[in-house]
Amino acid sequence: MRMILDKPDILGAFASTLCLIHCMATPLIFIAQAYPENGFKEAFFWWVNLDYLFIIISFLAVARSAKYSANQILKYLLWINWAVLFFLIINEKFHFLSLPEIITYIVAISLAVIHIYNLKFCQCKTNSCCAQNG
């Protein structure tokens, strides 16, 4: 919890990167699951549901980062990227639209990059600058 309060951009970049790795590794898990003697049935259930954990952690990081960012545009970019990533994850679970997986990769990378940029260049040093920026 302390990480979310003190360094939300680091947590957000880390969660986005883990989400990207998770998305890239999932096809390999599908292949491994094809061989039931490997015992992947139980592991597979928690693996496919990690998406929800990543989106919750990402939400908390975006909310905190946006609150203390000195750049109004980055605030919107954080929320837009998070909303798109949320939609893509839900879409992947329920198959509303047929979208290429590369879109999820791009959005996850973008969210991580925005968090890193925000951490490096757009942090408020005092509460008063944040109050002026929204």
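Just above, that's the structure.
Residues numbered from 1 in each chain as written. Predicted model: local features only at pLDDT ≥ 70, side-chain atom pairs only at ≥ 80, totals over all residues. Heavy atoms only, no water.

Draft legend 1. Looking closely at the overall build of the protein. Helix and strand content of the protein: seven helices and zero strands. Evaluated residue by residue, the protein yields a buried proportion of 36% over its 134 residues. For the protein, the proportion of contacts with a sequence separation of at least 24, taken over those separated by at least 6, is 70%. Of the accessible surface of the protein, which amounts to about 8200 Å², a share of 73% is contributed by carbon and sulfur atoms. (Helix = DSSP H or I, 4+ residues; strand = E, 2+ residues; numbered from the N terminus. Buried < 20%, exposed > 50% of the residue type's maximum accessible area, 1.4 Å probe, protein only. Contact = heavy atoms within 4.5 Å. Areas by Shrake-Rupley, 256 points an atom, 1.4 Å probe, with all protein chains shown as cover.)

Draft legend 2. Structural context of the side chain of D51. Residue position: D51 is located in helix α4 (residues 50-68). Engagement of the side chain of D51 in a polar contact is seen with the side chain of K93, the distance being 3.0 Å. (Polar contact = N/O pair within 3.5 Å; in protein donor to acceptor, adjacent residues only side chain to side chain.)

Draft legend 3. Structural view of the packing of aromatic side chains. Inspection of the entire model under this criterion finds five aromatic pairs. A ring pair is formed by W79 and W82, whose centres lie 6.1 Å apart and whose planes are at 80 degrees; its orientation type is edge-to-face. One end of the pair is W79 and the other is W82, both in helix α5 (residues 72-94) and three residues apart, which spans about a single turn. Members of the aromatic cluster, joined through ring pairs, are F59, W79, W82 and F86. (Phe/Tyr/Trp six-rings, centres within 6.5 Å; stacked < 30°, edge-to-face > 60°.)

Draft legend 4. Main features of the environment of S16. Relative to the helices and strands, S16 is located in helix α2 (residues 8-33). The spacing of S16 and V113 is 97 residues in sequence and 9.1 Å in space, taken between C-alpha atoms. Once you skip the residues sitting within four places of it in the chain, S16 turns out to touch A108, L111 and A112.

Draft legend 5. Region of the structure containing the pattern of salt bridges. A complete count under the given rule lists one salt bridge for this structure. Here D51 makes a salt bridge to K93, at a shortest N to O gap of 3.0 Å. Note that D51 is positioned in helix α4 and K93 in helix α5, a separation of 42 residues in sequence. On the basis of relative accessible area, K93 is assigned to the partly exposed category, the value being 24%. (Salt bridge = Lys/Arg side-chain N within 4 Å of Asp/Glu carboxyl O.)

Draft legend 6. Molecular detail of α4. Given a rise of 1.5 Å per residue, 19 residues ought to cover 27 Å, and the 27 Å separating the end C-alpha atoms of α4 matches this to within 8%. Taken together, the buried positions of α4 are occupied by L50, D51, F54, I55, S58, A61, V62, S65 and A66. One side of α4 carries all its buried residues, which in axial view fall inside an arc of 135 degrees. (Expected span 1.5 Å × (residues − 1). Arc of directions from axis to C-beta.)

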